[in-house]
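Overview (structure and organization)
What follows is the residue order along each chain.
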Amino acid sequence: MQTGTELIVRTNILVGALETAGTVSRTNGAEIRAAQTVTSQGEINAAIADFAGDSNFAAFRAGLLKRSNGLTTIGATNTFTGDVKVAAGTLRLATNGAFDAMSSLVMAGSTAVMDLN
């Protein structure tokens, strides 16, 4: 997803990976189930969740990777339990529960910033 664009999640989606530089929003409580959500900038206002698995796909723990300079704001409560990795730029947590207490936080770059605003 490119800068300046918006993805509106209207129903639960299951993807291997989601890369965004725009705004991700949701309606009707829809969740994103992606093994890895990658962001360079923008806003994520949709819930990211682990996937319990079904007859077609194996279970996985979802994670979040913030890469590239710029600001990404997490504005939704999330239930994923995978790693949150900040490689560059600023990841702003704009709500309580932006990521689960079971998630590990990895600050991996010299320009990586976690903003708990």
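Residues numbered from 1 in each chain as written. Predicted model: local features only at pLDDT ≥ 70, side-chain atom pairs only at ≥ 80, totals over all residues. Heavy atoms only, no water.

Thoughts on the packing of aromatic side chains
- The full count for this structure, using the stated rule, is one aromatic pair.
- Ring centres of Phe51 and Phe60 lie 5.6 Å apart, and the angle between their planes is 35°; on these two criteria the pair is classed as tilted.
- Judged by relative accessible area, which is 11%, Phe51 ranks as buried.
- Given the relative accessible area of 21%, Phe60 is considered partly exposed. (Phe/Tyr/Trp six-rings, centres within 6.5 Å; stacked < 30°, edge-to-face > 60°. Buried < 20%, exposed > 50% of the residue type's maximum accessible area, 1.4 Å probe, protein only.)

Structural notes on the sheet that holds strand S1 (residues 6-9)
- As summarised here, the arrangement of the six strands in space is S1-S3-S5-S8-S10-S12, forming an open sheet in which the pairing is parallel. In the strand order of this sheet, the two ends are held by S1 and strand S12 (112-115), each with one partner. Averaged over all adjacent pairs, the angle separating strand axes in this sheet is 15°, with direction ignored.
- Judged from the four bridges that link them, S1 and strand S3 (residues 23-26) form a sheet pairing that is parallel. Within the sheet, the bridge partner assigned to Glu6 lies in S3 and is Thr23. (Pairing = 2+ DSSP bridges. Helix = DSSP H or I, 4+ residues; strand = E, 2+ residues; numbered from the N terminus. Axes fitted to C-alpha atoms, helices over the stretch in contact; angles between N-to-C directions.)

Observations regarding the pairing of strand S8 (residues 71-74)
- As judged from the three bridges shared by strand S5 (residues 42-45) and S8, these two strands associate in the parallel manner. Counterpart to Ile44 in the pairing with S8 is Ile74.
- Relative to strand S10 (residues 89-93), S8 runs parallel, the two sharing four bridges. Along S10, the bridge assignment pairs Thr72 with Leu91.

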